[in-house]
Amino acid sequence: MKFIEIGIKRMQARFFHVQLALIVGALLLSPVSNAGNHTSGSQSTEAARKQKMERFINDLLKRMTLEEKIGQMNQVGGTFANTGPINPLSDQGKEMREGKIGSVLNLAGVDGIRKIQKVAVEETRLHIPLIFGLDVIHGMKTIFPIPLGEAASWDLSAMERSARIAAIEASAMGVNWTFAPMLDIARDTRWGRIAEGAGEDTYLGVQIAKARVKGFQGDDLSKNNTIAACAKHYAAYGAAIAGRDYNAVDMSEITLRDTYLPPFKAAVDAGAATFMSSFNTLNGVPATANEFLLRKVLKGEWNFNGFVVSDAGAVGELIPHGLAADGIEAARAAANAGLDMDMGSNQFLQNLPDLVRKGLVPEKVIDDAVRRILRIKYELGLFQDPYRYCDEQREKTELLTPEHVAAARDMARKSIVLLKNDYHLLPLKKSIGTLAVIGAMADSQGDMIGCWGGGGDAKDAVSILQGIRSAVSSQTKVLYAKGCEIEANAPEDFTPALDIARQADVVVMTLGESGGMTGEAHSRANINIPGNQEALLKEVIKLGKPVIVLLTNGRPLTISWVADNVPSIVETWFLGSQAGNAIADVLFGDYNPSGKLPVSFPRVLGQVPLCYNELNTGRPLAEHPGDFFRSRYNDVSNDALFPFGFGLSYTTFEYSNLRLSQNVLTKDGKLQVSVDVKNTGYRSGEELVQLYIRDYYASVCQPTRLLKGFKKLAIEPGQTKTVTLTLTPEDLKYHNSKMEWTVEPGKFGVFVGGNSQNTLNEEFVLK
Ligand code: BGC
């Protein structure tokens, strides 16, 4: 197990002089009996618990020196994973013993974490435990699909469960804080981090935010298998100009509040313990030192009482941003703006003591930050038992359990989206004679993990080839050739791939990106299928064999040629540890695909950023015949190649009889929207019914469609089911130009269907 090694040897010599019992006794002025986010128990018990916690924290705060307080606001990097420019500290061990470190990131493994925690609780003056943070984004050892892939399942309880399992495994390895969920709405597929979030839609993003926070934190943060969540990256990071990671963001406050902030607000409401500020500037002011975002909105309007950590090194980056001339100005700006913890830039530790002494940062700002940090440590139960997450037994028995692996397979197959399936080429028979499997990703285990693989090991992942091989009959011949590299600048020899394709009854080709091509710092100016892959596909197609394309990608790619020329296309993202098995489940019909795209697939790069919920414009495409009267491109159609919400099944569904409970909605009323959905095919299947609205006339123009509800239904062949979804005036609200969250009376459209474009529609009036 890897773990941080900072000064451990030096620390060890001094460990055992301290009598743990005495320390813990002194520390636990008021032991926590049942800390956390409780759903049971009376409100008064919860209020009393909170009062007790605040008393404990106030008492501790009174005993802390200024340096010790600022130490709590300082997070340093361990060695488990490396994610960016973290300034190495010269002597972390010494600083830790002096109480100058409040948290450690990038560290996992009970043995190592226990050793470090021991220094904090036995060798510092006030014995305050550390909080250990790690990017547990889509699993710790059992890896689930990348978050964008999971979002395609639209299955909130499955996503909650995957976060729950990630928390169980992370906490079994000593971690008690994850830097997740990532809640950035993203519409620019050039941006590599689109892979880490829930896609382009705010409503879906809100639901997923709640599910993931709940999954990580459970109903009681003090349990040893729940961990603190971190809503990141606050805010608007997904709107980086031109999709370049870390780039500036410029946006109206209405767009910010209507589109980008709601998932963060939902995270606060779901009890997210912490937030991470984003790297970007927002309208000229870096989020790291953005008083509007941190103090006004998050801590003010939303009443968030957890703490905010910066992104890696971001306090120091206020200098190159051009906000601060030096570390002193940077620390001052960030702390005063409401940032509570400095991730790895060391600027708080170095500069805040003097800034406070000089009166440039009020001590009450420091006290507030420290109180927030101590609160989360308390809620995690760390003051009661600093080794709560250091259970060697759990580390041996709770990782990669059969139950976790089964959940990963279930989540992975739910995340697959069937984009095209002409002539019912899929599903294949397991008894098929010869299958050629071609592609650079087909035989890769490691790539299936995708970006931010936590502690996942390639050896624990099932490759596509392995999955196919274990699914087919013993008579089936599975031939494999890599074909070409994912990225190559020179022509490659396609002969081996074409040879096996010639022998095959069906060719399965993986096309797309490698696991590391999305994620942080992995933006692309071209979003095509890289290298020679498409050229190879063209040669394979010439052989006249039936071809199935499996896309591997962390972002929508431009695949127009593939879509026009290949009969079956399956979107497989990066599906995690069980990728190969889940893909085989779909290829051979053990699972009927039910995923729907959480992002639009553009036809060409020039359409980006693209999303389904655009404004109508004064010259909408559908309503005007003449060239000058249509907001459009002249060389490509405006719409997506595959729209938001799109996904096929091995069966077909027919929508009919959309009806509203009434055509007038009053301010306190409710509207029931019902539709009948019939399975018109020959297999049982699941259909995700989506409800969109449109506010036709408003003082701030509203998009032509906005998702407001969805429901997944299992329907048998020939069976018809009725779905009823409810709308209330609350669902129709938006921010007006005075930033009021409001709704105006008038005409509304209701659209229901199996994707954002193909819908039935009705109208009602809000009175
Ligand atoms: C990323 C964050 C991540 C942090 C810690 C940063 O570079 O932007 O998403 O949580 O590193 O690893």
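Higher on the page you've got the structure.
Rules used in this analysis
Residues numbered from 1 in each chain as written. Predicted model: local features only at pLDDT ≥ 70, side-chain atom pairs only at ≥ 80, totals over all residues. Heavy atoms only, no water. Helix = DSSP H or I, 4+ residues; strand = E, 2+ residues; numbered from the N terminus. Buried < 20%, exposed > 50% of the residue type's maximum accessible area, 1.4 Å probe, protein only. Contact = heavy atoms within 4.5 Å. Core = buried A, V, L, I, M, F, W, Y, C linked by side-chain atoms within 4.5 Å. Domains from an automatic or database assignment. Pairing = 2+ DSSP bridges. Right-handed = clockwise from strand over helix to strand, strands pointing away. Near = heavy atom within 4 Å. Polar contact = N/O pair within 3.5 Å; in protein donor to acceptor, adjacent residues only side chain to side chain. Areas by Shrake-Rupley, 256 points an atom, 1.4 Å probe, with all protein chains shown as cover. Nonpolar A, V, L, I, M, F, W, Y, C, P; charged D, E, K, R; others polar. Axes fitted to C-alpha atoms, helices over the stretch in contact; angles between N-to-C directions. Salt bridge = Lys/Arg side-chain N within 4 Å of Asp/Glu carboxyl O.

(A) Expanded view of unusual backbone geometry. In this structure, the amide linkage connecting Lys-232 to the following residue, His-233, adopts the cis form with an omega of -5°. Along the chain, His-233 turns up in strand 5 (residues 230-234). Cis rather than trans, the peptide bond between Val-608 and Pro-609 has omega equal to 0°. Its place among the elements puts Pro-609 in the loop between helix 23 (579-587) and strand 17 (653-660). One non-glycine residue, Ala-242, adopts positive backbone phi at about 65°. Structurally, Ala-242 can be placed in the loop between strand 5 and helix 10 (253-260). Assessed through its relative accessible area of 33%, Ala-242 is described here as partly exposed. Within the chain, His-424 stands out as a residue other than glycine whose phi angle is a positive 50°. Take His-424: its relative accessible area is 61%, and that puts it in the exposed class.

(B) Focus on the side chain of Ser-153. For Ser-153, the location among the structural elements is in the loop between helix 7 (147-151) and helix 8 (156-172). Setting aside residues no more than four positions away along its own chain, Ser-153 makes contact with Met-159, Met-411, Lys-414, Ser-415 and Lys-712.

(C) Molecular detail of the nonpolar core. Counting 185 residues, the largest nonpolar core has Tyr-234, Phe-275, Leu-352, Ile-468, Ile-548 and Ile-559 as the members making the most contacts within it. For this core, the leading source of residues is helix 16 (residues 363-379), giving eight residues. For this core, the two domains that each supply at least three residues are domain 1 (2-394) and domain 2 (412-607). Leu-671, Val-689, Leu-713 and Ile-715 belong to the second largest nonpolar core, which has 23 residues in total.

(D) Here's a closer look at the pairing of strand 15 (residues 547-552). Most of strand 15 is tucked away: six of the six residues are buried. The alternating pattern of strand 15 places Val-547, Val-549 and Leu-551 on one face and Ile-548, Leu-550 and Thr-552 on the opposite face, and all of these are buried. As paired strands, strand 14 (residues 506-512) and strand 15 are joined by six bridges and run parallel to one another. What sits directly across from Thr-510, in strand 15, is Leu-550. Crossover connection from strand 14 via helix 21 (residues 533-542) to parallel strand 15: handedness right-handed. The parallel pair strand 15 and strand 16 (residues 568-571) is bridged by helix 22 (residues 560-565), and the resulting crossover is right-handed.

(E) Just the site of the ligand, in detail. Taken together, the neighbourhood of the ligand is formed by 14 residues, with Asp-135, Arg-193, His-233, Asp-311 and Glu-520 sitting nearest. Contact between the ligand and Asp-311: an oxygen atom at 2.6 Å from a side-chain N or O atom of the residue. Within the side chain of Glu-520, one N or O atom sits 2.7 Å away from an oxygen atom of the ligand. For the ligand, whose unbound accessible area comes to 310 Å², protein coverage reaches 100%. In terms of residue class, the shell around the ligand is made up of seven nonpolar, two polar and five charged.

(F) Quick peek at the sheet that holds strand 5. The parallel open sheet is built from three strands, whose spatial order is 5-6-9. Every interior strand has two partners, whereas the edge strands, strand 5 and strand 9 (307-309), have only one. Across the sheet, the mean angle from the axis of one strand to that of its neighbour is 25°, orientation sign disregarded. The pairing of strand 6 (residues 274-277) with strand 9 spans three bridges and is parallel. Pairing of Phe-275 across the sheet is with Val-308, part of strand 9. Across the sheet, helix 11 (residues 262-269) is in contact with strand 5 and strand 6; its angle to strand 5 comes to roughly 155°.

(G) Here's a closer look at the pattern of salt bridges. Overall, the coordinates contain 49 salt bridges when judged by the stated rule. Between Glu-54 and Arg-375 there is a salt bridge whose closest N-O contact spans 2.9 Å. With a gap of 321 residues between them, Glu-54 in helix 3 (residues 43-63) and Arg-375 in helix 16 connect regions that are remote in the sequence. Accessibility expressed as a relative area gives 12% for Arg-375, which makes it buried. Residues Lys-542 and Glu-539 are paired through a salt bridge, measuring 3.0 Å at the closest nitrogen-oxygen approach. One end of the pair is Lys-542 and the other is Glu-539, both in helix 21 and three residues apart, which spans about a single turn. Residue class for Lys-542 comes out exposed when judged on its relative accessible area of 61%.

(H) Summary view of the sheet that holds strand 18 (residues 664-665). The strand order 18-26-25-20-21 describes an open sheet built from five strands, whose pairing is mixed. Where the open sheet ends on each side, the last strands, each with one partner, are strand 18 and strand 21 (706-715). Two strands pair when backbone bridges link them, and strand 20 (residues 685-695) and strand 25 (residues 746-753) are joined in this way by six bridges, in the antiparallel orientation. Paired with Ile-693 across the strands is Val-750, a residue of strand 25.

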